[in-house]
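# Coordinate analysis (summary)
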Amino acid sequence: MTANPCLHCGACCATYRVSFYWSEAESLGLAPALTQQLNPWMACMAGTHAPSPRCQALSGAIGAAVTCSAYAQRPSPCREVQVGDARCLQARAHHGLAPLPPLP
Ligand code: SF4
Ligand code: SF4
């Protein structure tokens, strides 16, 4: 196990619609192919506006080993979820993964 449990999880990247104010994509340098415009104001990570969301930047197997190809440019919702918080626990439960405690 590495110190970062997210590298063995990825559940939140495959549970929620990851939406943000559209200009974030431009200011962060997110590849246009990895985003989807939702309306004049909001965009989301491609693949997350779907009945079974999965961000197209995510590779690997949920709960085993994953990587994010856009990690350095990831938008604000990705930075807000913290290991062990309510959204983390809900996403992990959605994928049948045990809850994790918050990081020290
Ligand atoms: S669900 Fe929690 S542990 Fe899994 S990737 Fe997201 S923040 Fe990390
Ligand atoms: S951009 Fe990266 S961190 Fe954000 S949802 Fe997609 S795979 Fe997860």
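Everything that follows concerns the structure shown earlier in this document.
This report concerns the structure included in the present document.

Further remarks concern the pairing of strand E5 (residues 65-68). Direction of pairing for strand E4 (residues 58-61) relative to E5: antiparallel, over a ladder of four bridges. Paired with serine 59 across the bridge in E5 is threonine 67. Taken together, E4 and the strand that follows it, E5, pair antiparallel across an intervening segment of three residues, in which glycine 63 is found at a positive phi of about 80°.

Another point: the packing of aromatic side chains. The description of an aromatic ring pair rests on the distance of the ring centres and on the angle between the ring planes. Throughout the structure, instances matching the rule amount to one aromatic pair. Here the aromatic rings of tyrosine 21 and tryptophan 22 are separated by 6.2 Å at their centres, their planes lie at 50°, and the arrangement is tilted. The side chain of arginine 74 reaches across the aromatic face of tyrosine 71, ending 3.8 Å from its centre. Over the face of the ring belonging to tyrosine 16 we find arginine 87, whose NZ or CZ atom lies 4.1 Å from the ring centre.

Here is what the cut-offs are and how they apply
Residues numbered from 1 in each chain as written. Chains lettered and ligands numbered in written order. Predicted model: local features only at pLDDT ≥ 70, side-chain atom pairs only at ≥ 80, totals over all residues. Heavy atoms only, no water. Pairing = 2+ DSSP bridges. Helix = DSSP H or I, 4+ residues; strand = E, 2+ residues; numbered from the N terminus. Phe/Tyr/Trp six-rings, centres within 6.5 Å; stacked < 30°, edge-to-face > 60°. Lys NZ or Arg CZ within 6 Å of the ring centre and 35° of its normal.

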